[in-house]
Amino acid sequence: MTVIGRRRLLAAMGGLTLATACGSNTGRGGSGSGPALAQWYHQYGEPGTQQAVKRYAAAYKKADVTVQWRPGDYDRQTAAALLTDSGPDVFEVNGPLLDQIQSGQVADLTDLVAPVKDDFNQAVLAPKIWQDKIWGIPQAVDTQLLYYRKSLLKDAGVQPPQSVDALVDAAKKLTTGKVKGLFLGNDGGVGVLGGTPLFAAGLSLITEDGKAGFDDPAAARVLAKIRQLYVDKSLLLGAPTDWSDPAAFVQGLTAMQWSGLWALPQIAKALGDDFGVLPFPKDGAGGKPTVPVGAYAAAVSGRSKQTAAAKEFVKWLWIDRTDFQQDFALSYGFHIPARISLAKKARQLRQGPAADAVRFATEHGYAEPLLWTSADRNAYQDALSRIIKDGANPETELRAVLRKVDAELQRVKKK
Amino acid sequence: MSARTARLLGPQRRNLWFWVFVGPFAVGLGLFTYVPLLWSVYLSFFNAHNTVNPTEFVGLGNYTAMLGDDAFLGSLGTFLLFTAFIVPATFALSLSLALMVNRLRFAQAFFRSVFFLPTACSYVVASLIWKLSLFNGVRFGLANTVLGWFGLDQTAWLSTTSPPWYWLVIVTVRLWLQAGFYMILFLAGLQRISPQLYEAAAMDGARPGWQVFRHITFPQLRATSVAVLLLLVINAFQAFDEFYNLLSDARGYPPYARPPLVYLYYTALGRDQNLGLGSAGAVILALIIAVATVVQARWFGLGRKED
């Protein structure tokens, strides 16, 4: 029997440690040819998406693209990774945010997008543009809608609401001992509504000339109506799953629910044609129906050592390969292709509530502007929480948010 | 071997082996704890958005911004309220459990294990059970089912601020998770009390029960009680997991029950990525914890020799 001495044991352990350290996986280095690129996606819930994006990457012959599928808090993971050299070369981003652009974390993609710029949904492309340069390529558009159960509205003698007042009234009438009128999320709409009520009142978060867009009595008025929903006990609160999941709606816990377009196939499967969709209804004479739209964008890391190869890859995938874009948007989940020409061609989006959703996104879609920073969003969301749940004075709360927005605008414009 | 080398290695090369075993951990501690800590203090004097490298010196700017931030001050208020609930509640519950288990003549080990077992459960898992099964706001949540038996309306436990039922959820989950651990500390303390003291008290006519507890047991548990109180306050300061998992969603976190660590998490590591400001907040919080601990320790005379 071989006796292992202390020195040999220590040497072996040291070697093992070194080998382990050298084997740390950065996501680079697949089996193909060309430069190695690491591409990151957040974890999509729809089965098949991961296999699809791996198939796209494998079809690219000019670089060896390795896909990383990242579960968990993707935004924070990428934010942390972009501070280091071991982050991705290509990644999808819920943005990019202005601070990310200003600190050089993402590369300029203007020359890639310019030839087809007009073919993108302009509402979702606008927040990807800073100082006339494009910093991300929208992949697929998502929007949110008001789903309503036709039979429940009919039984209660309620028409699909066309104004915020009608929404408040309908939610109250639809509320019974077992069913609530409306589900805006377990926090009463604080998280999901964002700027939607302001847009419905004809206002905005940031104006086109770069000022706070809700310094107007109409803002306080519409938020007071959202508070009324809470006071009337018309809102479903504390459901096992939140607004993004249609479970509460299909299980009959609520007659109306604010949720995403992605929930539409699940709702259609459960309820057949016993449902319809609406935009968030308008408020006041200057108001307009509204739906929020947004898109994850494909971006190239500013710290990538393969910037040229990475840009060439994103152009190939998100500009040239329209077949892959169509497949990505509609074969697994349910999203609107970011390119208008592709959205028009999509068979699944041509009829019923899906066609309505596409129309709402095109006619009434708004996206959070790039100048609306995370600090603004947090301050506004805190104010919304105090208005809806605590009955705080909307005017006082909004004045405090306006001060924050002004300070943030000064900060980001100084850079 | 030179005399100098021999001295460095120590008798029987003890110094060498000391460093072989302790060295890697000391390096790890320095690298992953003290270097980031010092870097964080350094960063707190700079503007650092989306970077861990200082970009612009702002002096005490981040500190004044943090101390003038209503949301941060509000988070300290949340902590104080939480401490006011959780410290006495855990203290009383764990002491009561310890007294009960200590008196058991049989199955003591079984009950000790039963009460200690929740300590092994993750805060995240317990929070999700509390949120999704026990205290969800719909009619089939356990708490609402019980309310239904008495003909009461269903309650949205985590979503209503008046009355603030969310405190019930937050406090009970932590009580369930930590009372068993402190019970073990009190049990150890109880078992150190000399039986002769109780015998002497009985001889002097002390009535068993409250009188014995007040004049013998509780004073004898002084050292354990002080340690438990210190640990409870520090743990309350570090509250994060149950708050975050009970109240946050993909879009954010409500302002009404946001402890300081959750606020700093969103400031520094959230989409804000304001690492300079977050560092300043972390330094302020660390100082508050240090001062509170020292004051509390002095107040209770921690470490002072028993008279």
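1. Description of the interface of chain B and chain A
On the side of chain A, 42 residues touch chain B, which itself brings 32 residues to the contact. Overall, the association of chain B and chain A removes approximately 3,000 Å² of surface from exposure, summing both partners, and the carbon and sulfur fraction of that is 47%. Of all residues in chain B, N50, R251 and R271 of chain B bury the most surface against chain A, accounting for 26% of the area lost on that side. Taken together, the links from chain B to chain A amount to 1 salt bridge. Between R258 of chain B and D382 of chain A there is a salt bridge whose closest N-O contact spans 2.6 Å. Counting across the interface, chain B meets chain A through 12 residue pairs in polar contact (both at pLDDT 80 or more). Per element, the largest residue contribution to the side of chain B that touches chain A is 3 residues, and it comes from helix 13 (residues 260–269) of chain B. Its residues assigned to classes, the side of chain B that touches chain A shows 15 nonpolar, 11 polar and 6 charged.

2. Notes on the pattern of salt bridges
Residues and elements named next belong to chain A. The tally for this structure, following the rule as stated, stands at 20 salt bridges over all chains. Here D356 and R359 are joined by a salt bridge, their closest N and O atoms 3.5 Å apart. Here R359 and D356 lie together in helix 17 (residues 352–364), a separation of 3 residues that amounts to about one turn. A residue is classified by how much of its surface remains accessible, and D356, at 26% relative accessible area, is partly exposed. Taking the shortest distance from any N to any O, the salt bridge between R377 and E368 comes out at 2.8 Å. Several salt bridges converge on common partners, so that one network encompasses D165, R221, K225 and D283.

3. A word on the environment of L190 of chain B
Residues and elements named next belong to chain B. You can see L190 is positioned in helix 8 (residues 166–191). Spatially, the C-alpha atoms of L190 and V101 are 11 Å apart, while their sequence positions differ by 89 residues. Contacts of L190, omitting those with residues within four sequence positions, involve A98, L99, N102, T217 and L221.

Thresholds applied
Residues numbered from 1 in each chain as written. Chains lettered and ligands numbered in written order. Predicted model: local features only at pLDDT ≥ 70, side-chain atom pairs only at ≥ 80, totals over all residues. Heavy atoms only, no water. Contact = heavy atoms within 4.5 Å. Buried area = accessible area lost by both parts, 1.4 Å probe. Salt bridge = Lys/Arg side-chain N within 4 Å of Asp/Glu carboxyl O. Polar contact = N/O pair within 3.5 Å; in protein donor to acceptor, adjacent residues only side chain to side chain. Helix = DSSP H or I, 4+ residues; strand = E, 2+ residues; numbered from the N terminus. Nonpolar A, V, L, I, M, F, W, Y, C, P; charged D, E, K, R; others polar. Buried < 20%, exposed > 50% of the residue type's maximum accessible area, 1.4 Å probe, protein only.

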